There are 2 protein chains.
Amino acid sequence: VALKFFRSPIQVSDKAGPDAFFDPVTRADKETESCIRRAIEDRWPTHGIIGEEHDNKPARSDYSWIIDPIDGTRAYISGNLGWGILLGLTEKQAPILGLMHQPYTREVFTGDNHRAWMTRDGQRQPLQVSGVRTLEDAILYTTTPDMFTDPILLRRYNQLGRQVKLQRFGGDCYAYCLLAMGFVDLVVESSLQSYDIVPLIPVIQGAGGVVTDIEGQCPMQGGTVIAAATPELHAAALVRMQSI
Amino acid sequence: VALKFFRSPIQVSDKAGPDAFFDPVTRADKETESCIRRAIEDRWPTHGIIGEEHDNKPARSDYSWIIDPIDGTRAYISGNLGWGILLGLTEKQAPILGLMHQPYTREVFTGDNHRAWMTRDGQRQPLQVSGVRTLEDAILYTTTPDMFTDPILLRRYNQLGRQVKLQRFGGDCYAYCLLAMGFVDLVVESSLQSYDIVPLIPVIQGAGGVVTDIEGQCPMQGGTVIAAATPELHAAALVRMQSI
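## Some words on the sheet that holds strand β6 (residues 116-120) of chain B
Residue and element names in this part refer to chain B.
Okay, so step 1: The 7 strands lie next to each other as β1-β2-β3-β4-β5-β6-β7, forming an open sheet whose pairing is mixed. Of all strands in the sheet, those with a lone pairing partner are β1 (48-51) and β7 (123-126), marking the two edges. Neighbour-to-neighbour, the strand axes of the sheet open up by a mean angle of 15°, direction not taken into account.
Okay, so step 2: Pairing of strand β2 (residues 63-71) with strand β3 (residues 84-91) involves 7 bridges; the strand directions are antiparallel. Residue pairing in the sheet places I66 in a bridge with G88 of β3.

Below, the structure is given as structure tokens:
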């Protein structure tokens with residue numbers, strides 16, 4: 001469903017014309033979420049569902065699903081590949097399973113806090129974070145410094161960016177998957193929603209990584225998020241984002 | 001060849017270990033360029049060849065090839081997808097044919113200044129830039145603001161970034177292909193080498209776009225590059241990059 005509207009020709013038509021009201025991202029978002037909701041409701045009618053596009057469905061059991069049908073809509077509208085479909089499962093409010101699906105590259109990244117794996121074209125490979133422990137050796141990703149709307153956090157982020165081996169922008173949810181694969185060592189972002197990060201927690205942790213909010217807690221509410229390959233690297237980044 | 005070393009497991013192994021001298025990017029760069037050089041030399045022995053990794057071969061005809069075997073090495077080493085193989089052909093120093101190949105997504109973007117097309121999985125589609133004429137409607141890409149090593153250019157770039165509809169980072173050579181596809185409207189970068197941009201000129205122009213250096217000339221030497229969907233948008237961006 002999400003792929004059907006991706007790089008849709010109408011997207012580049014005259015925005016002021018009669019089709020100006022047609023927003024392929026909104027349609028892709030809504031239809032993808034509806035499709036996932038139906039599949040969950042058919043199979044697990046007592047599970048709760050929290051999505052970006054529709055009203056929350058309260059749980060009548062310990063389980064709730066959290067859906068971001070198109071995470072990275074700015075990548076999506078510009079035809080780029082950092083977007084993905086995020087789906088997470090919580091048990092008594094704790095994330096126990098999560099996945100990111102990039103349908104154009106046909107990659108699915110899945111994790112259950114203990115293990116994580118990527119499947120593509122029927123092949124499955126385990127995911128394992130890198131062993132990088134210091135900022136000096138780390139590759140850092142953030143989608144854009146504009147995420148740091150708090151000027152104090154932006155200043156801390158910029159200082160952090162100058163201490164790493166390589167700072168890269170772009171990425172969106174794909175950056176967390178690159179971290180789980182071991183090619184990126186650190187992702188620091190801000191202004192995240194709950195559904196932007198909760199589905200990725202079991203993937204990151206399953207690959208051996210550490211992910212918290214700026215208080216060092218499990219980032220169930222989103223906000224400022226620090227994801228790292230090792231506890232040492234996480235601690236080094238966290239202290240720099242916490243202190244002035 | 002380039003794909004063989006992409007996301008290579010050794011890339012994430014202990015960098016201080018006995019394999020520390022093994023650099024998959026350097027090997028991928030060298031071996032990919034050698035492979036392309038052999039194919040050109042077999043077929044067109046009088047053509048010149050300019051590459052990033054080997055000595056230039058002078059032309060004994062009007063034709064020279066320009067090769068960037070792995071453009072976007074920072075995307076490549078971090079496992080991301082903005083990198084590509086760039087190959088251009090010049091006739092009497094003017095670019096007449098160019099392509100970008102992304103082997104992981106299996107996309108090839110080709111242009112001859114008059115037409116441009118993308119091929120994937122045996123399907124071929126024409127490329128056409130958007131009709132966006134104003135900064136207020138434009139999606140702007142640059143790989144990173146760090147490219148603007150001249151502080152005056154960085155200030156102008158930052159001002160430009162505040163005038164567009166959406167500014168995105170990341171992208172590497174893929175951003176120019178998104179421009180040719182019509183999803184991105186403007187790409188402004190700096191510190192480019194000749195081989196970073198010359199192979200992309202016939203693709204951008206073939207899709208109907210405009211690409212120049214900061215003097216408004218064909219960017220044969222790289223440097224600061226402004227690529228836009230329309231002449232109007234190009235002029236608006238160029239004047240802002242030229243004036244203080």
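Still more ground to cover, so stick around.
## Here we look at the interface of chain B and chain A
Okay, so step 1: Listed per partner, the contact involves 36 residues of chain B and 36 residues of chain A.
Okay, so step 2: Across the chain B to chain A interface the summed buried area is about 3,000 Å²; carbon plus sulfur atoms make up 56%.
Okay, so step 3: Note that A:R168 is salt-bridged to B:D172, the shortest N-O span being 2.7 Å.
Okay, so step 4: Summed over the shared surface of chain B and chain A, the number is 14 residue pairs in polar contact (both at pLDDT 80 or more).
Okay, so step 5: Secondary-structure elements contributing two or more residues to the side of chain B that touches chain A are α3 (73-77), β6, β8 (139-142), β9 (166-169) and α5 (173-181) of chain B.

## Points about the side chain of A:T32
Residue and element names in this part refer to chain A.
Okay, so step 1: Along the polypeptide, T32 turns up in helix α2 (residues 24-43).
Okay, so step 2: Residue class for T32 comes out buried when judged on its relative accessible area of 4%.
Okay, so step 3: A distance of 2.6 Å separates a polar atom in the side chain of T32 from the backbone oxygen of A28.
Okay, so step 4: With near-sequence residues (within four places) excluded, T32 lies in contact with V1, A2, P69, I70 and I85.

Calculation rules
Residues numbered from 1 in each chain as written. Chains lettered and ligands numbered in written order. Predicted model: local features only at pLDDT ≥ 70, side-chain atom pairs only at ≥ 80, totals over all residues. Heavy atoms only, no water. Pairing = 2+ DSSP bridges. Helix = DSSP H or I, 4+ residues; strand = E, 2+ residues; numbered from the N terminus. Axes fitted to C-alpha atoms, helices over the stretch in contact; angles between N-to-C directions. Contact = heavy atoms within 4.5 Å. Buried area = accessible area lost by both parts, 1.4 Å probe. Salt bridge = Lys/Arg side-chain N within 4 Å of Asp/Glu carboxyl O. Polar contact = N/O pair within 3.5 Å; in protein donor to acceptor, adjacent residues only side chain to side chain. Buried < 20%, exposed > 50% of the residue type's maximum accessible area, 1.4 Å probe, protein only.

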